[in-house]
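Coordinates in review
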Amino acid sequence: MIPRLRPAIGLADIGAAFRARSSVADFERAFAATMEQAHAIAFPYGRTAQMLLMEALDLKGREVILPAYTCVVVAHAIVLAGARPVFVDSEAGGFNMDLDKAEAAITAETGAIIATSIHGYPVDLDRLDALCARHPQVTVIQDCAHSFAAEWKGRPLQKHGRAAIFGLNISKLMTSIFGGMITTDDADLAARLRQVRDVRLEAGGRGLSRALYLAAATTALAPPVFTLVKRISDLGLIDRFVRYYDETLIDMPGDHLVQIGRAEASVGVRQCMAYRGIIDRRRRIAAVYDEALAEVLPDARPPLVEGATYSHYVLRVADPDRMVKAAARHGIELGRLIDYCVPDMPAYKTLTAGQGPFDRTRQLNDRVLNLPVWVDETQARRVVEVIKDIA
Ligand SMILES: *Cc1c(COP(=O)(O)O)cnc(C)c1O
């Protein structure tokens, strides 16, 4: 079975995790160079990075604007940093936040706006610039956890704001097993982040277990092995341990303040070197999907946006759950990313009273279907054949 996600990790990367020759500082230098930014500061998770960035920016007690269609952990990081999330509905025809609605949500209490380029579709920097010119008191934080090398008209997103957040777990476009990163060109902010980090994080030192985890996860996500893993998972034996959020809780994993170590850093350094190749391949596979699906499901295809990097290739269909089930019978795992509306979750209901409406986000939640993008061209064509059969 072809899994919907698989990290771009080979045997040499797993070997590097066990040998653990690079330091976290080496990884930070490599990451900063890759992103063409002056500073990169590593954290245990993207969400920890975001939470501590908000503390470093003194956002406690302020409102922070974010998309309703995003990963739930972004909202958690805002709340746990002592700020108030203000959710904004999605734009027409795309996956990102509606920037007119974002601007309308700005008040005297607004401290920051989280500009997310979800699924790798670049946020419109021209409109974001115009918004910032009118509201210079609002700090822009780029959430690049899905976008990495995405660009808006040739401009790298991560350089366009006070700081950028990256998530680096194994489901992301590039990975350091666990981990998150902040990049910035602001030397004062970088120094403050390092101070906050020194106070708040404890040392890791679980190199061996992290290297084993990478070896196990990469093996489990190899198509022949995944067939077996999926069967075990369908019995509910995995899900009960790995479900990554609880709709009623605003929390973080128990180790969210335990820093990454040399095993993670060693994989991260190698992924920085592989980075361009990873992005090019995803763009190529997205182009294969776009072309091959033009006849089958032309209206379900995502918009073609120059500079997108396809952390996910996401269709919009009327009955995604049926398609997930049908594709599984044909040996293809499809995903439902992001099938929840954060402001509607029980944990957020009272916090977000009076916000919205979130009609476009809910429509996306009901219709999104993501295809495996890590695959090679032959596998991508097989995915298309199966979709053709079941559509
Ligand atoms: C994954 C993700 C993050 C945070 O990453 P973690 O390392 O999982 O905490 C932030 N924003 C978005 C949009 C993400 O998908």
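A word on helix α1 (residues 11-19). Taken as a whole, α1 has its buried residues at D13, I14, G15, A16 and A17. Of the surrounding elements, those touching the buried residues of α1 are α8 (207-220) and α11 (262-296). A20 occupies a position one or two residues after α1 and carries a positive phi of about 50 degrees.

Of note, T70 is situated in the loop between β2 (63-67) and α4 (72-80). Leaving out residues up to four positions away in the same chain, T70 has contacts with T116, I118, D143, I338, Y340 and V342.

Turning our attention to the pattern of salt bridges. Within the structure shown, the criterion is met by 25 salt bridges. Note that R29 and D26 form a salt bridge whose closest N and O atoms lie 2.7 Å from each other. Pair noted here: R29 and D26 are both in helix α2 (residues 24-34), with a separation of three residues, about one helical turn. With relative accessibility at 55%, the residue R29 sits in the exposed group. D126 is the salt-bridge partner of K153, the closest N and O atoms lying 2.7 Å from each other. Of the two residues, K153 is situated in the loop between β6 (151-152) and β7 (155-156) and D126 in helix α6 (residues 125-134); the sequence distance between them amounts to 27 residues. Within this structure, D126, D129, K153 and R155 form a network of salt bridges that share partners.

Close contacts around the ligand come from 15 residues, with G46, R47, D143, H146 and K172 the closest. A distance of 2.7 Å separates an oxygen atom of the ligand from a polar atom in the side chain of R47. Side-chain polar atom of K172 to an oxygen atom of the ligand: 2.7 Å apart, as the coordinates give it. Here the ligand has 380 Å² of accessible area as a free molecule, and 97% of this is covered by the chains. Secondary structure elements with two or more residues in the shell around the ligand: α3 (46-56) and α4. Grouping the constituent residues of the shell around the ligand by class yields six nonpolar, six polar and three charged.

Spatial ordering of the open sheet is given by β1-β9-β8-β5-β4-β2-β3, a layout of seven strands whose pairing is mixed. The open sheet has two free edges, formed respectively by β1 (39-43) and β3 (84-88), since each of these has just one partner strand. On average, each strand axis in the sheet is tilted by 25 degrees relative to the strand beside it, whichever way the strands run. Examined bridge by bridge, β2 and β3 share five bridges and lie parallel to one another. Directly across from E63, in β3, lies its bridge partner R84. Against the sheet, α6 touches β4 (110-116) and β5 (139-143), its axis set at about 155 degrees to β5.

What tends to happen in soluble globular proteins is that the nonpolar side chains get buried as a cluster. If you look at the biggest cluster of nonpolar residues, it comprises 81 residues, and the most contacted ones within it are L53, Y289, Y313, L315 and L371. Both domains that meet at this core, namely domain 1 (12-200) and domain 2 (221-255 + 274-390), each give it at least three residues. Those residues in contact with Y289 that sit more than four places away from it in its chain are Y313, L371, P372, V375, A380, V383 and V384. Formed by 55 residues, the second largest nonpolar core is a distinct cluster that contains V123, F148, A149 and I177.

Right, let's talk about the domain arrangement of the protein for a bit. How big an interface is tends to be expressed through the accessible area that disappears when the partners come together. Once the domains are mapped, the protein shows domain 1 (12-200) and domain 2 (221-255 + 274-390). Here the C-alpha centre of domain 2 lies 22 Å away from the C-alpha centre of domain 1. Facing the 44 residues of domain 1 at the interface are 44 residues of domain 2. Taken together, domain 1 and domain 2 are joined by one salt bridge. Between D98 and R360 there is a salt bridge whose closest N-O contact spans 3.3 Å. Joining domain 1 to domain 2, the criterion identifies 23 residue pairs in polar contact (both at pLDDT 80 or more). If you list the elements that add at least two residues to the side of domain 1 that touches domain 2, you get α3, α4 and β3. In terms of residue count, the dominant contributor to the side of domain 1 that touches domain 2 is α4 (six residues). Here the residues of the side of domain 1 that touches domain 2 are counted per class, giving 26 nonpolar, 11 polar and seven charged.

The rules behind each value
- Residues numbered from 1 in each chain as written.
- Predicted model: local features only at pLDDT ≥ 70, side-chain atom pairs only at ≥ 80, totals over all residues.
- Heavy atoms only, no water.
- Buried < 20%, exposed > 50% of the residue type's maximum accessible area, 1.4 Å probe, protein only.
- Helix = DSSP H or I, 4+ residues; strand = E, 2+ residues; numbered from the N terminus.
- Contact = heavy atoms within 4.5 Å.
- Salt bridge = Lys/Arg side-chain N within 4 Å of Asp/Glu carboxyl O.
- Near = heavy atom within 4 Å.
- Polar contact = N/O pair within 3.5 Å; in protein donor to acceptor, adjacent residues only side chain to side chain.
- Areas by Shrake-Rupley, 256 points an atom, 1.4 Å probe, with all protein chains shown as cover.
- Nonpolar A, V, L, I, M, F, W, Y, C, P; charged D, E, K, R; others polar.
- Pairing = 2+ DSSP bridges.
- Axes fitted to C-alpha atoms, helices over the stretch in contact; angles between N-to-C directions.
- Core = buried A, V, L, I, M, F, W, Y, C linked by side-chain atoms within 4.5 Å.
- Domains from an automatic or database assignment.

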